[in-house]
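Report on the structure
Read off the chains here:
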Amino acid sequence: MTAPVLCARDLRYEYPDGTVGLAGVDLTVEAGERVAITGPNGSGKSTLLSVLGGLVDPADGRVEYFGETENAEAVRERLGVLLQDPDDYLFNTTVRADIEYGPAQLGVPREEADRRVHALADALDLDGLLDKPPHRLSGGEKKRAALASVLSFEPSVLLLDEPTSAVDAPRTADVLALLDRRHRAGATLVTVTPDVELIPRVADRVVVVGPSGNLVADGPVAEVLTDPETLTTAGLQPPAVVRLFDRLGWDDPPVDVDDAVERLETTGLPRR
Ligand SMILES: Nc1ncnc2c1ncn2[C@@H]1O[C@H](COP(=O)(O)OP(=O)(O)OP(=O)(O)O)[C@@H](O)[C@H]1O
Ligand SMILES: [Mg+2]
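What counts as what
- Residues numbered from 1 in each chain as written.
- Chains lettered and ligands numbered in written order.
- Predicted model: local features only at pLDDT ≥ 70, side-chain atom pairs only at ≥ 80, totals over all residues.
- Heavy atoms only, no water.
- Buried < 20%, exposed > 50% of the residue type's maximum accessible area, 1.4 Å probe, protein only.
- Helix = DSSP H or I, 4+ residues; strand = E, 2+ residues; numbered from the N terminus.
- Pairing = 2+ DSSP bridges.
- Core = buried A, V, L, I, M, F, W, Y, C linked by side-chain atoms within 4.5 Å.
- Contact = heavy atoms within 4.5 Å.
- Donors = N, O, S within 2.8 Å, 3.2 Å for Na, K, Ca; no water.
- Salt bridge = Lys/Arg side-chain N within 4 Å of Asp/Glu carboxyl O.

1. With respect to the pairing of strand β8 (residues 205-209)
Among the 5 residues in β8, 5 count as buried, and that is most of the element. In terms of strand pairing, strand β3 (residues 34-38) meets β8 through 4 bridges, oriented parallel. The residue bridging V35 from the neighbouring strand is R205, located in β8. Here 5 bridges tie β8 to strand β9 (residues 215-220), and the two strands are oriented antiparallel to one another. Note that in β9 the partner of V209 across the bridge is L215. If you look at the hairpin formed by β8 and β9, you'll find 5 residues sitting between the two strands, and G213 has a positive phi there, around 75°.

Quick look at the structure:
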């Protein structure tokens, strides 16, 4: 059996001012999984992603990658970490240079790097922005450029903190389609989001971080998102479709619009 992509045990983290970031988190992610990490603002999602991505050392506990069969350098080349703030990724004079940076560091040949830049620009609607200085971009543009700069070195494990926050709906669909293609090509996807509506679109499994930096749920999306008690205790609320079907008295509510349409069609409700 393939070793898990990452296995975190009893992670604890406290910021210097005493704020608890993580309080005893266990999390295993298998190769090829699509996992969402959700929770309210300030619960510790970004802290957890930084620790899982190896950017911050936990005060206690540890993270093993690929069953520890690989050295740290090889692990780094396989992990693509997108932190919440896109400015962390945009430090060159042009957007193109930022996207080329990862492949250049890994010695990817020029022609292949160019191919990747063009494919990502096309997929993320960055064509008109490639020669712009990154600090001139809008918030949603920066987010897409930062994501491109992580995807350009083609990591097999993607740890993404709010990859679509500030991105408009049509371009969110573009981002999700691209992530879906990477997943179908074998990538493992871990996405942090406080937006419960996004979860069914990026994940099959969801982990909920509670207000005190501990995990309060970990299970299939359809189970966790239809459990109002767990979500409410964690400081979240179920997706709108779940609340709608719940208020209409339906058991086992659907979690997104596609699911809801399928359910309504099979019950034979009157149609226009
Ligand atoms: N450098 C820091 N020093 C002190 N406290 C911090 C620091 N960075 C984060 N925190 C605190 O740690 C807690 C967890 O922060 P984190 O950024 O992980 O939350 P989050 O779940 O990602 O929130 P959001 O949904 O707003 O992105 C918060 O209470 C935050 O205020
Ligand atoms: Mg965050």
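Moving on from the model shown.
2. Re the nonpolar core
With 73 residues, the main nonpolar core has L11 and L52 as its most contacted residues. Broken down by element, the residue count for this core peaks at 6 residues, all from helix α5 (residues 139-151). Setting aside residues no more than four positions away along its own chain, L11 makes contact with L22, A23, G24, V25, L48, V51, L52, P58, D60, G61, R62 and V63.

3. Topic: the coordination of the magnesium ion (ligand 2)
On the protein side, the magnesium ion (ligand 2) has S46 (OG) and Q84 (OE1) as donor atoms, found 2.0 to 2.1 Å from it. Remark: Q84 occurs in the loop between β5 (79-82) and α3 (95-105) and S46 occurs in helix α1 (residues 45-52); sequence separation between them is 38 residues. Residue S46 is classed as partly exposed on the basis of its relative accessible area of 24%.

4. A closer look at the pattern of salt bridges
Opposite charge on two side chains allows them to pair when their charged atoms are near. According to the stated counting rule, one finds 18 salt bridges in the structure shown. E100 is paired through a salt bridge with R110; the nearest N and O atoms lie 2.7 Å apart. You can see E100 sitting in helix α3 and its partner R110 sitting in helix α4 (residues 110-123), a full 10 residues away along the chain. According to the relative accessible area criterion, R110 is exposed, its value standing at 53%. In this structure, R116 engages E112 in a salt bridge whose closest nitrogen and oxygen atoms are separated by 2.8 Å. Of the two residues, R116 and E112 both sit in helix α4, 4 residues apart, roughly one turn of that helix. Residue class for E112 comes out partly exposed when judged on its relative accessible area of 24%.

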